[in-house]
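Listed below, chain by chain, are the residues.
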Amino acid sequence: MTDRILILDFGSQVTQLIARRVRETGVYCEIHPYTIADERIISFAPRAVILSGGPASTTAALSPRAPDIVFRLGVPVLGICYGVQTMCAQLGGRVTLCDHHEFGRAVIDVLDDCPLFDGLWPKGSHAPVWMSHGDRIDALPPGFRAVAASDAAPLAAIADDARRFYGVVFHPEVAHTPQGGALLRNFTHRVAGCRGDWTMAAFRAQATARIRDQVGHGPGGGRVVCGLSGGVDSAVAASLIHEAIGDRLTCIFVDTGLLREGEADEVVRLFRGHHNIALVHRDTGALFLAKLAGVTDPEEKRKIIGATFIDVFEEEAHKIGGVEFLAQGTLYPDVIESVSATGGPSVTIKSHHNVGGLPARMKLKLVEPLRELFKDEVRELGRELGLPAQFVERHPFPGPGLAIRIPGAVTAEKLAILRRADAIFLDEIRKAGLYNDIWQAFAVLLPVKSVGVMGDARSYDFVCALRAVTSTDGMTADYYPFPHDILGRAATRIINEVRGINRVVYDITSKPPGTIEWE
Ligand code: XMP
């Protein structure tokens, strides 16, 4: 059985990063809330447990506690930030509320050798780390020794080698702790003895076997439909399922006419041509345009696009007949049961999930082979399955497509103008070698005309806004600081080559307070 590490989440903003770093060490792990039932912990059979950080204070009454069973399993435990504090409090140490909080960059002094520091930080050395903690460990639990200290935290890292319990008050999972990944590797490999055999090749083999088990083997097995969106997730899911069950998979590509330049052709070429996957291509651009005619409200656009998509998809799935399963490219971040810091409901800023109602309405069972993967792992799996690098590395693209990049009413003319401008912007970014440094880059066609002068004549055309952001998860983002010459080249080309645009602006809003898309 694959080695597995259990990460118990106490609500830190960066718990997912722990999982990503652990997986980068070649070890499979899952995140579960700290409230997980003992039986589930036992059946998970972890090789080690990691306790995440979190916003609570162990000094408060009723603060979250790790299930006691974690300390009785006989497996290594690593506490990070809140995780080490609760470990101390639960195992007989003392944590006190501290008025001097330590946030941000700090340096730790390595007091003693420790398996976590092997090959990284010898005794007597100093190491840069990222701190984010309020409380202070004052007294060690029995069996522990101090292995590192910082100015504000005399017990910044602690160890009990006999029980293999370790704790750090800093965050090894964030990029600001430069050797944090190596520290986690020491934990998973040296301390926990994991083999590091979680690779995409191994996942591919396991996942195809699981798909066959779920939908049935051989010609008598069930039929699966998968909606291709032009994006990475659905493409990788489809390739994987095709590998598992061959022509019992049919892909349905509802071509909304709202994709970027050349994308629809590429999907058809890649899947029908290259991968030889049964593909139904419905060109429904005119239908979507008719439904969207005169609609200006962003949420209304999303609703119409979502509902129309479902109608067409359902129609095509019925034509195929005998379909029992629906494949979806659901990823791990959508699956994690999150521990909410506030516990309150959140406000819907944008309703993203366009096809959410589909499985229930069609009474189909879901096949979600990517449920355990992060986006970067899906990309790696895509490469493993032989999808072209340019396709796999593609920026995220919203389901409602270009319709939400045309504030105001969407028309065929505006779509054509936007598509061209967007393609030129991306071309310049690719030529400058910046595509993979950027999370998302695109053009927006504003519903504003401005006066210009072209040649000797007056022009009165649309304004195009360019947007490019960096982000790790789309939740927060910052604008990309382009060198001016690249922006200048893109703007000049757009104005010269795209009839209908005579002015280009660059959007320098971060998220928050802005959002990535304009609608
Ligand atoms: P915002 O604009 O909310 O976008 O900052 C965050 C990420 O989500 C994408 N996005 C969508 N994706 N349907 C989608 O499938 C939508 O309606 C939608 N709206 C925004 C956006 O492109 C970015 O990656």
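Keep in mind that this is a model prediction, so the values were computed, not measured. Residue positions within a chain follow its written sequence, with the count starting from 1. The predicted nature of this model means local features are confined to residues of pLDDT at least 70 and side-chain atom pairs, given and counted, to a pLDDT of 80 or more, with totals for whole chains, interfaces and linings taken over all residues. Side-chain numbers here rest on the full set of heavy atoms in the structure, without hydrogens or water.

Turning to the overall build of the chain, a few remarks are in order. Under the DSSP-based scheme used, a helix requires at least four consecutive residues in state H or I and a strand at least two consecutive residues in state E, with every element numbered from the N terminus. In terms of regular secondary structure, the chain is built from 15 helices and 20 strands. Relative to the globule expectation of 24 Å for 519 residues, the C-alpha radius of gyration of the chain, 26 Å, shows essentially globular dimensions. Judged by the C-alpha coordinates and their principal axes, the chain covers about 80 × 65 × 40 Å. Counting all 519 residues of the chain, 53% fall into the buried class. Contacts are assigned to residue pairs with any non-hydrogen atoms lying within 4.5 Å of each other. Excluding contacts between residues fewer than 6 apart, the proportion of contacts in the chain whose partners are at least 24 apart in sequence is 76%. Values of accessible area rely on a 1.4 Å probe in the Shrake-Rupley scheme; residue burial ignores everything except the protein chains shown. As displayed, the chain has an accessible area near 22300 Å², and 53% of this comes from carbon and sulfur atoms. Counted as positive: Lys and Arg. Counted as negative: Asp and Glu. His and the chain ends are not counted at all. Charge positions come from single atoms, namely NZ of Lys, CZ of Arg, CG of Asp or CD of Glu. For the chain, the centre of its 55 positive side-chain charges and the centre of its 61 negative side-chain charges are spaced 3 Å apart. The quantity called the radius of gyration is restricted to C-alpha atoms. Its globule counterpart is 2.2 Å times the number of residues to the power 0.38. Any residue under 20% of the maximum accessible area for its type is buried, any over 50% is exposed, and the rest in between are partly exposed; the area is computed with a 1.4 Å probe on protein chains only.

Not every one of the 15 residues close to the ligand is listed here, only the nearest: Arg 302, Lys 350, Lys 511, Ile 516 and Glu 517. Think of a polar contact as two N or O atoms within 3.5 Å of one another; within protein, one of them needs to be a possible hydrogen donor and the other a possible acceptor, and neighboring residues in sequence only count if both atoms come from side chains. Between an oxygen atom of the ligand and a main-chain N or O atom of Ile 516, the distance comes to 2.7 Å. The protein chains hide 86% of the 490 Å² of surface that the ligand would expose on its own. Three residue categories are used. Nonpolar comprises Ala, Val, Leu, Ile, Met, Phe, Trp, Tyr, Cys and Pro, charged comprises Asp, Glu, Lys and Arg, and polar comprises the others, including Gly. Within the shell around the ligand, the residues separate by chemical class into four nonpolar, seven polar and four charged. A single heavy atom is enough: if one lies within 4 Å of a molecule or strand, its residue is considered near that molecule or strand.

Turning next to the environment of Gln 85. Structurally, the position occupied by Gln 85 is in helix 3 (residues 82-90). Residue Gln 85 is classed as buried on the basis of its relative accessible area, which comes to 3%. When the C-alpha positions of Gln 85 and Asp 135 are compared, they lie 7.9 Å apart, and in sequence the two are 50 residues distant. Apart from residues lying up to four places away in sequence, Gln 85 is in contact with Thr 58, Val 95, His 133, Asp 135 and Ile 137.

Roughly 340 Å³ of volume is contained in the second largest pocket. A cavity here means a set of points on a 1 Å grid, drawn over the protein atoms and nothing else, where a 1.4 Å probe fits but cannot get out; a pocket is an open set with protein on both sides within 12 Å along at least five of seven lines, and a residue lines either one if it has an atom within 4 Å of a point. Considering the residues around the second largest pocket, the lining is formed by 18 residues, among which Arg 210, Val 335, Glu 368, Arg 371 and Glu 372 are closest to the centre. Where the lining of the second largest pocket is concerned, the elements lending two or more residues are strand 2 (28-33), helix 5 (200-215) and helix 10 (332-335). Here the residues of the lining of the second largest pocket sort into 10 nonpolar, two polar and six charged. Domain assignment of the residues forming the lining of the second largest pocket places at least three in each of domain 1 (4-191) and domain 2 (200-392). Grid points are joined across faces, edges and corners, and a volume is the space filled by probe spheres set on the points. Annotation comment: domain bounds sourced from an automatic or database domain assignment.

What follows covers helix 9 (residues 298-320). Multiply 1.5 Å by the residue count of a helix minus one, and that product is the helix's expected span. The end-to-end C-alpha distance of helix 9 is 33 Å, a good match for the 33 Å that 23 residues give at a rise of 1.5 Å each. N-capping of helix 9 is provided by Asp 297, with a side-chain oxygen placed 3.2 Å from the backbone N of Glu 299. Trailing helix 9 by a residue or two, Gly 321 shows a phi angle of about 80 degrees, which is positive.

What follows is about the domain arrangement of the chain. Interface size, as often reported, equals the accessible area lost upon joining of the parts. Taken domain by domain, the chain consists of domain 1 (4-191), domain 2 (200-392) and domain 3 (411-506). Taken over C-alpha atoms, the centre of domain 1 sits 38 Å from the centre of domain 2. Taken together, the contact between domain 1 and domain 2 spans 15 residues of the former and 11 residues of the latter. Buried area: the accessible surface (1.4 Å probe) lost by two parts on joining, summed over both. Taken over both partners, the interface formed by domain 1 and domain 2 buries close to 1100 Å², and the fraction arising from carbon and sulfur atoms is 53%. Together, Gln 16, Arg 20 and Arg 23 form the three largest contributors to the area buried by domain 1 at its contact with domain 2, with a combined 41%. Whenever Lys or Arg places a side-chain nitrogen within 4 Å of a carboxyl oxygen from Asp or Glu, that contact is recorded as a salt bridge. At the junction of domain 1 and domain 2, the tally comes to two salt bridges.

Right, let's get into the packing of aromatic side chains. Two rings from Phe, Tyr or Trp (for Trp, the six-membered ring) form a pair when their centres are within 6.5 Å of each other. A pair whose planes differ by under 30 degrees is stacked, one over 60 is edge-to-face, and the rest are tilted. Using the criterion set out here, one finds 13 aromatic pairs in the structure. On the numbers, 5.2 Å between centres and 50 degrees between planes, the contact of Phe 117 with Trp 121 is tilted. Across the pair, exposure class does not vary: Phe 117 and Trp 121 are buried alike. Look at Tyr 479 and Tyr 506: their rings are 6.4 Å apart centre to centre, the planes differ by 80 degrees, and that puts the pair in the edge-to-face class.

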